[in-house]
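An overview of the molecular structure
Each chain, written out:
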Amino acid sequence: MASRRFFVGGNWKMNCDVNKANSILEFLNSGEMSKDTEVVVSPPSLYVSYIKQNLKADNVTVAVQNCHTATSGAFTGEISAEMAADVGCQWVILGHSERRHKFGESDELIGQKVKHVLEATKLGVIACIGELLEEREKNETMSVCARQMKAIADNVSDWSKVVIAYEPVWAIGTGKVATPDQAQEVHDEVRKWLEANVSKEVADSTRILYGGSVNAANCKELSKKPDVDGFLVGGASLKPDFVQIVNAKL
Ligand code: PEP
């Protein structure tokens with residue numbers, strides 16, 4: 001089995017001002033974070049350059065939270081993957097549940113974004129999938145994840161630049177974390193989906209992160225599961241707890 005480097009991403013969402021950014025920089029710069037973990041922080045795009053300039057931790061890279069499908073043009077309010085790369089980002093989060101469910105992004109649009117990022121830039125993609133509570137209650141978790149995976153996978157030209165984040169929508173920002181068994185069950189299914197639909201090599205090497213109310217208290221148990229290769233963290237990425245989550249495997 002390929003070894004998969006533990007990966008922890010911090011999604012700050014639309015939560016930041018310069019003061020807050022400074023307090024986050026303080027724990028990122030002074031906290032002792034395991035070098036075995038790949039760490040990515042995703043501030044609102046207006047703050048990316050400020051974070052890049054003031055980040056001293058050398059194993060932390062920066063992501064944008066979304067991008068457009070085009071390089072440039074008359075798309076008021078949007079940013080492109082090329083712009084993110086130009087200011088030093090290395091990753092883009094795509095298909096976050098808030099983009100899907102609050103901004104109406106379809107599987108097809110997310111697929112187009114994945115395609116553009118991978119073909120036009122050197123950025124990596126953190127591609128998010130996950131079911132709504134009513135879908136879980138109807139036993140549709142895996143069919144929803146498979147549908148979302150297909151829209152992503154059909155557009156991937158280089159799997160070494162893709163990380164999957166399984167984020168059940170009912171767990172995001174709710175304090176209702178999936179149990180380690182619930183997370184493992186879906187991660188295992190997603191890996192099997194990759195094996196059946198892409199290749200065994202890609203299934204073995206692709207990191208599958210869990211996201212949804214991860215915090216310093218629950219991260220260790222989740223990280224013990226064999227198919228949990230890291231986390232995408234929202235609320236707790238704004239607090240020093242983030243350092244403990246980065247070190248979950250220690
Ligand atoms: C997220 O926004 O991706 C997320 C997982 O949020 P939270 O950790 O706050 O549930």
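Residues numbered from 1 in each chain as written. Predicted model: local features only at pLDDT ≥ 70, side-chain atom pairs only at ≥ 80, totals over all residues. Heavy atoms only, no water.

Looking at an unreviewed UniProt entry, one finds the protein chain named Triosephosphate isomerase and attributed to Clytia hemisphaerica. Taken verbatim from the UniProt record of the protein chain, the Subunit (unreviewed entry) comment is "Homodimer." In the Catalytic activity (unreviewed entry) part of its UniProt record, the protein chain is described as follows: "D-glyceraldehyde 3-phosphate = dihydroxyacetone phosphate". (UniProt positions renumbered as here; feature names shortened; annotations may be inferred.)

1. Some thoughts on empty space enclosed by the protein
Tallied over the entire structure, the rule returns one cavity of 30 Å³ or more. What the largest cavity holds in volume is close to 30 Å³. Along the walls of the largest cavity sit Gly95, His96, Ser97, Arg100, Cys128, Ile129, Gly130, Glu167 and Val169, which together make up its complete lining. Elements supplying a minimum of two residues to the lining of the largest cavity: helix 4 (97-102) and strand 5 (124-129). Per-class residue counts for the lining of the largest cavity are three nonpolar, four polar and two charged. (1 Å grid on protein atoms, 1.4 Å probe; cavity = no way out; pocket = protein on both sides within 12 Å on 5 of 7 lines; lining within 4 Å. Points joined across faces, edges and corners; volume = space filled by probe spheres on them. Helix = DSSP H or I, 4+ residues; strand = E, 2+ residues; numbered from the N terminus. Nonpolar A, V, L, I, M, F, W, Y, C, P; charged D, E, K, R; others polar.)

2. Notes on the sheet that holds strand 3 (residues 60-64)
Spatially, the eight strands close up into a barrel ordered 1-2-3-4-5-6-7-8, and their pairing is parallel. Here the strands of the sheet are splayed against their neighbours by 25° on average, with no regard to which way each runs. The pairing of strand 1 (residues 7-11) with strand 2 (residues 38-42) spans five bridges and is classified as parallel. Note on strand 2: the bridge partner recorded for phenylalanine 7 is glutamate 38. This element, helix 7 (residues 141-153), spans strand 5 and strand 6 (162-166) of the sheet and lies at about 155° to strand 5. (Pairing = 2+ DSSP bridges. Axes fitted to C-alpha atoms, helices over the stretch in contact; angles between N-to-C directions. Contact = heavy atoms within 4.5 Å.)

3. Some words on the nonpolar core
Residues Leu28, Tyr210, Phe231 and Phe242 are the most contacted members of the largest nonpolar core, which totals 67 residues. Not counting residues up to four positions away in its chain, the partners in contact with phenylalanine 231 are Phe6, Phe7, Val8, Gly9, Leu209, Tyr210, Val214, Cys219, Leu222, Ser223, Ile245 and Ala248. Core analysis: the next-biggest nonpolar cluster, separate from the first, contains eleven residues, Phe7, Val40, Ala63 and Leu232 among them. (Core = buried A, V, L, I, M, F, W, Y, C linked by side-chain atoms within 4.5 Å. Buried < 20%, exposed > 50% of the residue type's maximum accessible area, 1.4 Å probe, protein only.)

4. Thoughts on helix 1 (residues 18-30)
Taking 1.5 Å per residue as the helical rise, helix 1 with its 13 residues ought to reach 18 Å, and the 18 Å between its terminal C-alpha atoms agrees with that figure. Listed in full, the buried residues belonging to helix 1 are Ala21, Ile24, Leu25, Phe27 and Leu28. In this structure, the buried residues of helix 1 make contact with strand 2, helix 2 (48-54) and helix 11 (241-246). Its side-chain oxygen placed 3.2 Å from the backbone nitrogen of asparagine 19, aspartate 17 serves as the N-cap of helix 1. (Expected span 1.5 Å × (residues − 1). Polar contact = N/O pair within 3.5 Å; in protein donor to acceptor, adjacent residues only side chain to side chain.)

5. As for the site of the ligand
Not every one of the 14 residues close to the ligand is listed here, only the nearest: Lys13, Glu167, Gly173, Ser213 and Gly234. In the environment of the ligand, an oxygen atom lies 3.2 Å from a nitrogen or oxygen atom belonging to the side chain of asparagine 11. At 2.9 Å, a side-chain N or O of histidine 96 approaches an oxygen atom of the ligand. Here the ligand loses 95% of its free accessible area of 300 Å² to cover by the protein chains. Structurally, the ligand is housed in the second largest pocket. Its residues assigned to classes, the shell around the ligand comprises four nonpolar, eight polar and two charged. (Near = heavy atom within 4 Å. Areas by Shrake-Rupley, 256 points an atom, 1.4 Å probe, with all protein chains shown as cover. Sits in = over half its atoms within 2 Å of the grid points.)

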